[in-house]
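# Residue-level structure breakdown
Single-letter residue listing:
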Amino acid sequence: MMPGTRFQGSKRKLAAWIGTELQGVEYDTVLDAFGGTGSVGYELKARGKAVTYNDILRFNYLIGRALIENRGQRLSDEAIDRAVTRDPREVYGDFVERTFGGIYFTDDENRWLDTAALNIERLASASERAIAYYALFQSAMAKRPYNLFHRANLYMREADVARTFGNKVTWDRPFESHFRKFAAEANRAIFDGGRDCRALNGDALRVEGKYDLVYIDPPYVSARGGGVNYTDFYHFLEGLADYERWPQRVDFSSKHRRFIPAADPWSSAAHISQAFDAVFERFADSALAVSYRSDGIPSIGELRRMLGRYKSRVRVIEQARYQYALSTNKRSTEVLLVAT
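Here is a short report on the structure shown in this document.

Rules used throughout
Residues numbered from 1 in each chain as written. Predicted model: local features only at pLDDT ≥ 70, side-chain atom pairs only at ≥ 80, totals over all residues. Heavy atoms only, no water. Helix = DSSP H or I, 4+ residues; strand = E, 2+ residues; numbered from the N terminus. Buried < 20%, exposed > 50% of the residue type's maximum accessible area, 1.4 Å probe, protein only. Contact = heavy atoms within 4.5 Å. Arc of directions from axis to C-beta. Polar contact = N/O pair within 3.5 Å; in protein donor to acceptor, adjacent residues only side chain to side chain. Salt bridge = Lys/Arg side-chain N within 4 Å of Asp/Glu carboxyl O. Pairing = 2+ DSSP bridges. Axes fitted to C-alpha atoms, helices over the stretch in contact; angles between N-to-C directions. Parallel < 35°, antiparallel > 145°, perpendicular 65-115°, else oblique. Left-handed = near helix turned anticlockwise from the far one by under 90°.

Along the chain, the position of Ser139 falls in helix 7 (residues 126–142). Overall, the relative accessible area of 0% leaves Ser139 in the buried class. Excluding anything up to four places from it in sequence, Ser139 contacts Phe175, His178, Phe179 and Phe182.

Here it is as structure tokens:
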């Protein structure tokens, strides 16, 4: 079973529903073009499909590599020990300790993260490294208010006040304890689905190959025009996943040391419709399945019309009962469009 996750927008609780709704489509190979947490790709792998997982963010790609591409390698106890133990023979960097003091974690925790980043890169195989990164990312989110990195709010953990929000016990639990727990969860989740699956790290429009089905779950732009920018929410995890290049990517003028901003059509109300149409055209020879919210931009009606330019049949299926964690929007519903 796919382990629990703290990522915003995860389809983990919807994956089985999506997999069931896709049973009416004849497909064997599938591209999960905006793979995210890997929940849908993992579900389709469990259903015996040959899954190609893709995500433009490297930290997500590593999750796909750990849980979807990986057919059976697990993280040994010895490898876990190496990942969490500072080796006196190694020369460790101090970028996290120097750059993020007082922002997200304590000084000792920042030093631990610098240590883990190097230790993980020293693990023997790509699969081991991917599993270890998965555990590292989950650990970092568990210790964060809101599980995000969108603002400098270490004070929320450290304030001596009566609490009605969050879990201070979880926040203050040592990184090593979290890491061992999440590594064990990942190990239990790994399985061989009997098919070759793979994980890619790139722009959905540049993924090569032909697929019977392409599943599309892009960032969401609300009816008010507010877009979800996952790089802003999880830049710290993306930095851990790309430790050597991290200093070149940081906007040091920002209080929370985000990445230097870059244009993203998927978080722009003005450009997202064009981005959708480009993806539909790119994969017009495949069956298309799109996850979106009922109150988003573009509207469900517009998405249906766009898909109708490339496909003769478009089904719109609503999952009215689901509400995302931390969301206060009780009017929006989850929608799956299936075009064949």
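More follows now that the structure is in view.
Looking now at the environment of Ala142. Here Ala142 lies in helix 7. Judged by its relative accessible area of 3%, Ala142 is buried. Considering only alpha carbons, one finds Ala142 and Thr170, 28 residues apart in sequence, at a separation of 6.8 Å. When near neighbours in sequence (up to four residues on either side) are disregarded, Ala142 contacts Arg6, Asn147, Thr170, Trp171, His178 and Phe182.

Let us look at helix 14 (residues 300–308). Those residues of helix 14 not exposed but buried are Ile300, Leu303, Met306 and Leu307. Looking down the long axis of helix 14, one finds its buried residues gathered within 120 degrees of arc, a one-sided arrangement. Buried residues belonging to helix 14 abut helix 13 (272–282), strand 5 (287–293), strand 6 (314–319) and strand 7 (334–339).

Positionally, Glu109 belongs in helix 6 (residues 107–121). Among the polar contacts listed, one links the side chain of Glu109 to the side chain of Lys143, at a separation of 2.8 Å. Apart from the residues lying within four places of it in its own chain, the contact partners of Glu109 are Lys143, Arg157, Trp171 and Phe175.

The next subject is the pattern of salt bridges. Under the defined criterion, the tally for this structure stands at 24 salt bridges. Measuring nitrogen to oxygen at the nearest pair gives 3.3 Å for the salt bridge that ties Arg65 to Glu69. Of this pair, Arg65 and Glu69 are both found in helix 3 (residues 58–69), four residues apart, which corresponds to roughly one turn of the helix. For Arg65, a relative accessible area of 25% gives the class partly exposed.

In this section: the sheet that holds strand 5. Here seven strands make up an open sheet; going across it, the order is 3-2-1-4-5-7-6 and the pairing mixed. Only two strands of the sheet have a single neighbouring strand rather than two, namely strand 3 (198–200) and strand 6. Each strand axis lies, on average, 15 degrees off the axis of its neighbour in the sheet, ignoring direction.

Turning our attention to unusual backbone geometry. Peptide bonds are trans in most cases, and residues, glycine excluded, mostly fall at negative phi. Across the junction of Ile297 and Pro298, the peptide omega takes the value 0 degrees, indicating a cis bond. Within the fold, Pro298 resides in the loop between strand 5 and helix 14. Phi at Tyr146 takes a positive value of approximately 70 degrees, unusual for a residue other than glycine. Here Tyr146 lies in the loop between helix 7 and helix 8 (155–158). Here Arg257, not a glycine, exhibits a phi torsion of approximately 55 degrees, which is positive. You can see Arg257 is positioned in the loop between helix 12 (246–249) and helix 13.

The contact between helix 7 and helix 11 (residues 230–241) brings their axes to 11 Å, and the two run at 150 degrees. Classed by the angle they form, the pair helix 7 and helix 11 counts as roughly antiparallel. Remark: the crossing between helix 7 and helix 11 carries right-handed chirality. Along its contact with helix 7, which presents Tyr133, Leu136, Phe137, Ala140 and Met141, the element helix 11 presents Tyr234, Leu237, Leu240 and Ala241.

Right, let's get into the environment of Asn201. Note that Asn201 resides in the loop between strand 3 and strand 4 (213–216). Among the residues examined, Asn201 registers a relative accessible area of 34% and is labelled partly exposed. Taking C-alpha positions, Asn201 is 18 Å from Ala275, a pair spaced 74 residues apart along the chain. Contact partners of Asn201, with chain neighbours within four places excluded, come to Asn54, Asp55, Ile56, Leu57, Arg58 and Tyr61. Of the polar contacts made by the side chain of Asn201, one reaches the backbone oxygen of Ile56; its length is 3.1 Å.

Treat this as a map of the structure, not an account of what it does.
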